[in-house]
Amino acid sequence: MTIQRQFAIWALFIGLFVLGLWLLKGILLPFVAGMAIAYLLDPLADRLEGYGLSRLLATTLITVSFLVLAVVAMILLLPVLYNQLMALLEIMPDLIQRGQVFLLEMGDGRLGQLLGASAPDVEKAISDSVGSSVKWLVDLLPSLGSQGLQFVGLISLIVVTPVVAFYLLLDWDRMIERIDALLPRDHAETIRQLARDVNAVLAGFVRGQVIVCLVLGTIYAVGLSLVGLRFGFVVGIIAGIISFIPYLGTIVGFVVGVALALFQFWPDYVSIGMVVAVFAVGQFVEGNFLSPKLVGDRVGLHPVWVMFAIFAFAALFGFVGALLALPIAAALGVLTRFGISRYRASQLYLGSGGPQSGSES
């Protein structure tokens, strides 16, 4: 089979996959979530099998334990998160008004002097900016619901995801064997090596980043609550979850936390400084201990590439796309490095002079 024909077949397969993802994105969330959970828990199932348990018993034990931990966490955390979110929404208009007044009075008019504008112009600009932000938030909430997080979608996510995860975890090794048996024989070993490289990237990044998010969420939630920041617990939890996207969680949490601290504590600089210190501690722990030990540079996923992939796939396919972004980004990264290595070994790169010309360059 010619290279052009192979390329056409693979391009057709990828095109059909993307088309199917686009057409079925509304129902794929519980299945993609179940697959992600099965992938994350498969090493634990393999380890339990190594201790002598059957695959069925290992899968059942892991699934039950996972569900128990999830239910306990929901019972402990959801009431606090719900109460703080509802309280935050209730006082949001007052916070926006106080923030507007704070910006207008900041520096006794020096903001207008710095910008070279009159006080009415500054007031109008701030009012327009705040109004636009509120409108963006109001428009965003319904769009989130349309991405598969409506009530019916939430019920299907809670009910269907554990079932999908259980059966995929039970049959994971057999599925891999069946896929391996379908690989084209001439390229089977190359495809296996690429799959191992993709798995290494995902194992290093995803599993490590999950632990990073849990630790950071705990540090931020507990720390902000201890310093007395209102809504500190919910801000910390959200910052920890968003930390799955490198840097974004800390930035969002810091901006929201400091803004709330200014409204609550101003002009108490000590309390505001303690809020800043909580995020400084979180960043110190992440940068010096968590990320180097759990994630590291060996995964080959640049933070900017991760952020772009998540936002791009989320814009195209909604929440399902955000879940698929990391595996696809990892696969594209591995394939890109493989393509570059093949290019550097080809005559297109080396030229007619062969390896000598490549070494001279």
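Scope of this entry: the structure provided in the associated data block. What you see is a predicted model, and the numbers here were worked out from it, not measured in a lab.

How each quantity is defined
- Residues numbered from 1 in each chain as written.
- Predicted model: local features only at pLDDT ≥ 70, side-chain atom pairs only at ≥ 80, totals over all residues.
- Heavy atoms only, no water.
- Helix = DSSP H or I, 4+ residues; strand = E, 2+ residues; numbered from the N terminus.
- Polar contact = N/O pair within 3.5 Å; in protein donor to acceptor, adjacent residues only side chain to side chain.
- Axes fitted to C-alpha atoms, helices over the stretch in contact; angles between N-to-C directions.
- Parallel < 35°, antiparallel > 145°, perpendicular 65-115°, else oblique.
- Left-handed = near helix turned anticlockwise from the far one by under 90°.
- Contact = heavy atoms within 4.5 Å.
- Nonpolar A, V, L, I, M, F, W, Y, C, P; charged D, E, K, R; others polar.
- Salt bridge = Lys/Arg side-chain N within 4 Å of Asp/Glu carboxyl O.
- Buried < 20%, exposed > 50% of the residue type's maximum accessible area, 1.4 Å probe, protein only.
- Phe/Tyr/Trp six-rings, centres within 6.5 Å; stacked < 30°, edge-to-face > 60°.

## Focus: the side chain of Thr-63
Within the secondary structure, Thr-63 is located in helix H3 (residues 55–105). At 2.7 Å, the side chain of Thr-63 and the backbone oxygen of Thr-59 are in polar contact.

## So, the packing of helix H8 (residues 232–242) against helix H9 (residues 248–265)
Interhelical geometry of H8 versus H9 gives an angle of 160° and a closest axis separation of 7 Å. With respect to their mutual orientation, H8 and H9 come out roughly antiparallel. Viewed along their axes, H8 and H9 form a crossing whose handedness is right-handed. Contacts between H8 and H9 involve Val-235, Ala-239 and Ile-242 from the first element and Leu-248, Gly-249, Val-252, Gly-253, Val-256, Gly-257 and Leu-260 from the second. The residue makeup of the contact of H8 with H9, split by class, is seven nonpolar, three polar and no charged.

## Things to note about the pattern of salt bridges
Evaluated as defined, the whole model comprises eight salt bridges. A salt bridge links Asp-46 to Arg-55; its shortest N-O distance comes to 2.8 Å. Here Glu-189 and Arg-192 are joined by a salt bridge, their closest N and O atoms 3.3 Å apart. Of this pair, Glu-189 and Arg-192 both sit in helix H7 (residues 188–226), separated by three residues, roughly a single helical turn. With relative accessibility at 45%, the residue Glu-189 sits in the partly exposed group. Given a relative accessible area of 24%, Arg-192 falls into the partly exposed group. Residues joined by salt bridges that share partners form a network here, namely Asp-42, Asp-46, Glu-49, Arg-55 and Asp-173.

## Brief notes about unusual backbone geometry
We note that Phe-231 has phi near 65°; this positive angle belongs to a residue other than glycine. Structurally, the position occupied by Phe-231 is in the loop between H7 and H8.

## Considering the packing of aromatic side chains
Scanning the entire structure with this criterion turns up four aromatic pairs. Centre to centre, the rings of Tyr-39 and Trp-172 are 6.2 Å apart; their planes meet at 50°, and the pair counts as tilted. Here the residue Tyr-39 occupies a position in helix H2 (residues 29–50), and Trp-172 occupies one in helix H6 (residues 151–181), the gap between them amounting to 133 residues. For the pair Tyr-39 and Trp-172, a shared accessibility class is recorded, and that class is buried. Taken together, a centroid distance of 5.3 Å and an interplanar angle of 85° make the contact between Phe-166 and Tyr-167 edge-to-face. Pairwise contacts between aromatic rings join Tyr-220, Phe-254 and Phe-279 into one cluster.

## Details of the environment of Gly-26
Relative to the assigned elements, Gly-26 resides in the loop between helix H1 (3–23) and H2. With 292 residues separating them along the chain, Gly-26 and Gly-318 place their C-alpha atoms 8.7 Å apart.

## Description of the side chain of Thr-250
Mapping Thr-250 onto the fold places it in helix H9. Accessibility expressed as a relative area gives 12% for Thr-250, which makes it buried. Separated by 3.2 Å, the side chains of Thr-250 and Tyr-220 make a polar contact. A distance of 3.0 Å separates polar atoms of two side chains, one belonging to Thr-250 and the other to Gln-283.

## Section: the packing of H7 against H8
In the contact formed by H7 and H8, the axes pass within 7 Å of each other and the chain directions differ by 165°. Looking at the two axes, H7 sits roughly antiparallel to H8. As H7 runs across H8, the sense of the crossing is right-handed. Contacts between H7 and H8 involve Cys-213, Leu-216, Gly-217, Tyr-220, Ala-221, Leu-224 and Ser-225 from the former and Gly-232, Phe-233, Val-235, Gly-236, Ile-237, Ala-239, Gly-240 and Ile-241 from the latter. In terms of residue class, the contact of H7 with H8 is built from 10 nonpolar, five polar and no charged.

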